[in-house]
Amino acid sequence: MDAVVTLALSVFTLFGFYALLAVGMGLIFGQLGVVNVAHGELVMVGAFVMFALADVPFLPRLLLAVLIGLVLGVVIERLVLSNLYERGFLATLLAMWGVSIVLREGANAIFGSTPASVRAPIQENIEILGVSYPLYRLIIAVVALAIVAAVLLVTYRTKLGLVVRATVDNRDMASVLGIPPRLVVTGTFAVGAMLAVLAGALQSPLLGVTPMVGAAFLAPAFFAVLLGRAGSLPGAIFGAFVVALLSTVLRTYLNETLAQVVLFALLIVLVAVRPNGIDWRKVQWKPRTQPAQVAA
Amino acid sequence: METTHAARAGRGMTALRRTSGIIAAVTLTTSLAACAGGAIGGGTEGGDDVFKVGLISPVTGPVVQEATAMQRGFELAIEKINAEGGVLGQPVEVVTVDDQADAAKSTQLAQRLISQDQVDYIFGTIPGDTTAAVAQVAESAKVPFSSAILGNAGVCGQYFFPFGEPNASLLNGLLPQMIADHGTKVALVGNDYAFPRGYFADARTVLEELGATVVLEEYSPMGTADWQPVISKIKAAAPDWVLTAVVGADATALVTQADQAGILDSMGFTGVSLIADFYPGLTDRMHGLTLVGRYSDQLDNEANKEFVDAFREAYDFSDPIPSVAANAYEGMLMIADAVEQAGSTEGADIAKALGEGEVENGVFGGGSFNEDRFFMTETARFEIREGGAYVPVETFPADIEGITPRCA
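Being a predicted model, the structure only gives us computed values, none of them experimental.

*Asks:* Whenever I open this one, the overall build of chain A confuses me. Can you help?
*Replies:* Counting its secondary structure elements, chain A contains eleven helices and two strands. Taking all 296 residues of chain A together, the buried fraction comes to 53%. Put simply, of all contacts in chain A between residues at least 6 apart along the chain, 75% involve residues at least 24 apart.

This is how it looks when you write it as structure tokens:
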């Protein structure tokens, strides 16, 4: 019983982190078509913000990280990406690759390569069904999933979300309707970047913070987005759950190295078998019969 | 032209799937460029009696921290040697290259250092596989080579002189003490590369001799950030203590998460994850824990005081000084002395002098190579105290029991 509870808690906490990463990456990729290979470095920025501002209380520090993430997102979008969208995904991908190098080497120049750490604001463990588990891990998972839910709500259930989706679908038409497309695109990228920075900030008390720390998070986020339906934020979140579940189960029951091999092999197979993403809707084997057209 | 959201996203999905291939291609191109143009320093065509050293320092890549510390110790030694008149009456020349901890690059760079830069000695690199790669090239060219990182190199050679701490010297004093303090059930947790596997193989040998039982042996890939599954396995195995060989940022993450899970309070915890290199990220989490090693900046002798003062001043460094820096410093001083003793920069002469040489009053006190080509010194059990003071509380004589491979 203890093993099952521990496993469930581990999946839940990892899912919270991966979902926050995936929704940020999915927003940038699904809405803007940009493959953000700097997503891991944005996580690293969040972790270093928490380390560098250690004298500031934890919650205000998180808010500062959010602010820095938004500003960084605006700067990257305006200075690097804004003139590259029309040149295709390769241009934006390479540009973001350059951004990742600049962020990583910048952190290396400022903080060096010695692993740093951030003190968690909560040190206590909580007893759940007889299993003692670090409370901070559970709290950040709940916070992360609440943020993910808020992003979905805004995107699909508010006028602002409608404006964003309309702009993505047809910028010219959105512009004619009075929507400023550049502002929406910049804002969307900034929010996606901010979510990555926030994920790093929340996770920082569990990490050895170095300029390379973000590298470990790029692959899970990519696979989460790939496992979802094209352009679907809920799909990316579902993908994050699949990655977290597989990763935790495999690492619990296999040795670590074999678990990594099997995990990525399984994810590759899943992506290959379902190139349009995992869909929970029923598969249609036969085309639906069209209703008879009645002549006017 | 209008595009629908779904169509654009669909193209994006295809694009995303092409990403990994493109990144791989660009990385390869960059790596080849780095190989071609990585040399810095040195550059003059040395005369016959100018001692020229090639330093392979992976200051980019996964072992930046260790490489930086090694290079700093090495450079301080070169500075001291040249300030005292150089070797054979001339300043030592250095050619520095970066192998990025990649064995293929290490081989190419070692070949280049020997054939193009015509170095008399090769020093450095960090991981076991790059060390083996360089040792092979150096051995066939009869150019002496030394590494400085802790752990058994796993290779032997007439021209290979590793200055790192042999596994057994890290284990022999430690394991009996941990068994006495905590019990006989042991969990082994390391990163998945050559050093932890060799370190644990030697640990198993010693533990079995001492009647202890290994209840868990787990290796995680480098770059592991989430240690919760491993921590769950440790809790399920219920060992009396944990011996670690997790390094770098992974060590910080493991110790931090183990502390949050209550492991540091409920069982013994020691090993390579507690070395001075990782203290800055862990600080008070490590206080009161102990480990066995060769070096601490707290060692009380004149040579160490001089080295510590020079290191702190040169690099504005206030954290505990890593042992790899001291190994590189002491190693390079011993090499320079061996060249003086040999009176020649010929590889065979230097190798003979090094094999017969002995350090007296060095940063570790005394030290020399044994017949298996391990650099043997006294070791100590260090207690980690406030401010990162690794205070020696017990010393052990040089001990080679359990060392593999034997090269004599």
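Resuming the write-up.
*Asks:* What exactly am I supposed to notice about the interface of chain A and chain B here?
*Replies:* Interface extent is often summarised as the accessible area lost during association of the parts. Facing 52 residues of chain A, the contacting portion of chain B comprises 53 residues. When residues of chain A are sorted by the area they lose upon contact with chain B, Pro115, Arg251 and Glu256 of chain A head the list and together hold 13% of the total. Our enumeration of links across chain A and chain B arrives at two salt bridges. The closest approach of N and O atoms between arginine 137 of chain A and aspartate 226 of chain B, which form a salt bridge, is 3.3 Å.

*Asks:* Please clarify how the pattern of salt bridges should be interpreted in this entry.
*Replies:* When their charged atoms lie close together, side chains carrying opposite charge are able to pair. Residues and elements named next belong to chain B. If you walk through the whole model with that rule in mind, you get 19 salt bridges over all chains. The residue arginine 204 makes a salt bridge to glutamate 217 at a minimum N-O spacing of 2.5 Å. A residue pair is termed long-range when its members are at least 10 positions apart, and arginine 204 in helix H7 (residues 194-209) and glutamate 217 in strand S6 (residues 213-220) qualify at 13 residues. Judged by relative accessible area, glutamate 217 falls into the partly exposed class, the value being 27%. Taking the shortest distance from any N to any O, the salt bridge between aspartate 300 and lysine 305 comes out at 3.4 Å. Classification of lysine 305 as partly exposed rests on a relative accessible area of 41%.

*Asks:* Would you take a moment to explain the sheet that holds strand S8 (residues 268-271) of chain B for this structure?
*Replies:* Neighbouring strands of a sheet are bound in pairs by backbone hydrogen bonds; such pairs are parallel or else antiparallel. All names here are of chain B. Strand order in the open sheet formed by four strands is S6-S5-S7-S8, with parallel pairing between adjacent strands. Two strands in the sheet have a free side with no partner beyond their single neighbour: S6 and S8. Taking each pair of neighbouring strands and ignoring which way they run, the sheet shows an average axis angle of 20 degrees. Two strands pair when backbone bridges link them, and strand S5 (residues 185-191) and S6 are joined in this way by seven bridges, in the parallel orientation.

*Asks:* Looking at this model, I keep getting lost on helix H4 (residues 89-111) of chain A. Mind explaining?
*Replies:* In an α-helix, one turn spans 3.6 residues, which is why side chains three or four residues apart end up on the same side. With 23 residues, H4 of chain A should reach 33 Å at 1.5 Å per residue; the first-to-last C-alpha distance of 32 Å fits that figure. One or two residues past the end of H4 of chain A sits glycine 112 of chain A, with phi positive at roughly 75 degrees.

*Asks:* Explain the pairing of strand S2 (residues 131-134) of chain A to me, please; I cannot follow it from the model alone.
*Replies:* Each regular strand displays side chains that alternate between the two surfaces of the sheet. Residue and element names in this part refer to chain A. Judged from the four bridges that link them, strand S1 (residues 125-128) and S2 form a sheet pairing that is antiparallel. From the neighbouring strand, isoleucine 126 faces S2, where its bridge partner is tyrosine 133. The hairpin turn running from S1 into S2, its antiparallel successor, is two residues long, and leucine 129 in that turn takes a positive phi close to 50 degrees.

*Asks:* Hey, could you run me through empty space enclosed by the protein in this one?
*Replies:* Residues and elements named next belong to chain B. Evaluated as defined, the whole model comprises seven cavities of 30 Å³ or more. Considered as a void within the structure, the largest cavity measures approximately 230 Å³ in volume. Grouping the constituent residues of the lining of the largest cavity by class yields 15 nonpolar, five polar and four charged. A domain split of the lining of the largest cavity shows at least three residues from each of domain 1 (52-165 + 298-377) and domain 2 (168-293).

*Asks:* Explanation requested: the packing of aromatic side chains in the structure shown.
*Replies:* Aromatic rings considered in pairs are described by the distance between their centres and by the relative angle of their planes. All told, the structure shown has 26 aromatic pairs over all chains when counted by the stated rule. Centroid distance phenylalanine 311 of chain B to phenylalanine 317 of chain B: 5.3 Å. Interplanar angle 90 degrees. Geometry classified as edge-to-face. Residue phenylalanine 311 of chain B is classed as buried on the basis of its relative accessible area of 1%. The structure contains a cluster of three or more aromatic residues connected by ring pairs, namely Tyr295, Phe307, Phe311, Tyr315, Phe317, Tyr329 and Phe364 of chain B. Its end group placed over the ring of tyrosine 85 of chain A, arginine 171 of chain A keeps NZ or CZ at 5.5 Å from the ring centre.

*Asks:* Got a minute to help me understand the pairing of strand S14 (residues 389-396) of chain B in this structure?
*Replies:* Residue and element names in this part refer to chain B. Pairing of strand S13 (residues 379-385) with S14, which is carried by seven bridges, proceeds in the antiparallel orientation. Residue glutamate 383 lies in a different strand from S14, and its bridge partner there is valine 391. Taking the residues that link successive antiparallel strands as the turn, the S13-S14 hairpin has three residues, and the phi of glycine 387 there is positive, at about 75 degrees.

*Asks:* How should I be thinking about helix H12 (residues 302-315) of chain B in this particular structure?
*Replies:* Residue and element names in this part refer to chain B. Its 14 residues give H12 an end-to-end C-alpha distance of 20 Å, which sits within 8% of 20 Å, the value for a rise of 1.5 Å per residue. Of the positions making up H12, those classed as buried are Ala303, Asn304, Phe307, Val308 and Phe311. Around the axis of H12, the buried residues are gathered within 125 degrees of arc, so they sit on the same side. For H12, the exposed residues lying more than 90 degrees away from the buried face are Glu302, Asp309 and Glu313. Tucked into the core, H12 has its buried residues touching helix H2 (64-83), helix H13 (323-342) and strand S10 (358-362). Where H12 begins, the capping side chain belongs to asparagine 301, and its oxygen is found 3.2 Å from the backbone nitrogen of alanine 303. Aspartate 316 occupies a position one or two residues after H12 and carries a positive phi of about 45 degrees.

*Asks:* Is there a simple way to think about the packing of helix H5 (residues 135-157) of chain A against helix H6 (residues 159-169) of chain A in this case?
*Replies:* Two quantities define a packed helix pair, namely the angle between the helix axes and the distance between the axes. Residue and element names in this part refer to chain A. Two numbers describe how H5 lies on H6: the axes approach to 5 Å, and their chain directions differ by 70 degrees. Put simply, H5 runs roughly perpendicular to H6. When H5 is examined against H6, the residues Val154, Thr155 and Tyr156 are found in contact with a partner set consisting of Leu160, Gly161, Leu162 and Arg165. When the residues that make up the contact of H5 with H6 are grouped by side-chain class, the tally is four nonpolar, two polar and one charged.

*Asks:* Looking at this structure, I do not really get the nonpolar core. What am I missing?
*Replies:* Most often, soluble globular proteins have nonpolar side chains that are buried together. With 110 residues, the main nonpolar core has Phe51, Phe123, Leu243, Phe307, Met332 and Leu354 of chain B as its most contacted residues. Broken down by element, the residue count for this core peaks at twelve residues, all from H13 of chain B. In this structure, this core is formed jointly by two domains, domain 1 (52-165 + 298-377) and domain 2 (168-293) of chain B, each of which donates at least three residues. Judged by nonpolar contacts, the second largest core, of 85 residues, contains Ile140, Phe189, Leu227 and Val271 of chain A.

Parameters at a glance
- Residues numbered from 1 in each chain as written.
- Chains lettered and ligands numbered in written order.
- Predicted model: local features only at pLDDT ≥ 70, side-chain atom pairs only at ≥ 80, totals over all residues.
- Heavy atoms only, no water.
- Helix = DSSP H or I, 4+ residues; strand = E, 2+ residues; numbered from the N terminus.
- Buried < 20%, exposed > 50% of the residue type's maximum accessible area, 1.4 Å probe, protein only.
- Contact = heavy atoms within 4.5 Å.
- Buried area = accessible area lost by both parts, 1.4 Å probe.
- Salt bridge = Lys/Arg side-chain N within 4 Å of Asp/Glu carboxyl O.
- Pairing = 2+ DSSP bridges.
- Axes fitted to C-alpha atoms, helices over the stretch in contact; angles between N-to-C directions.
- Expected span 1.5 Å × (residues − 1).
- 1 Å grid on protein atoms, 1.4 Å probe; cavity = no way out; pocket = protein on both sides within 12 Å on 5 of 7 lines; lining within 4 Å.
- Points joined across faces, edges and corners; volume = space filled by probe spheres on them.
- Nonpolar A, V, L, I, M, F, W, Y, C, P; charged D, E, K, R; others polar.
- Domains from an automatic or database assignment.
- Phe/Tyr/Trp six-rings, centres within 6.5 Å; stacked < 30°, edge-to-face > 60°.
- Lys NZ or Arg CZ within 6 Å of the ring centre and 35° of its normal.
- Arc of directions from axis to C-beta.
- Polar contact = N/O pair within 3.5 Å; in protein donor to acceptor, adjacent residues only side chain to side chain.
- Parallel < 35°, antiparallel > 145°, perpendicular 65-115°, else oblique.
- Core = buried A, V, L, I, M, F, W, Y, C linked by side-chain atoms within 4.5 Å.

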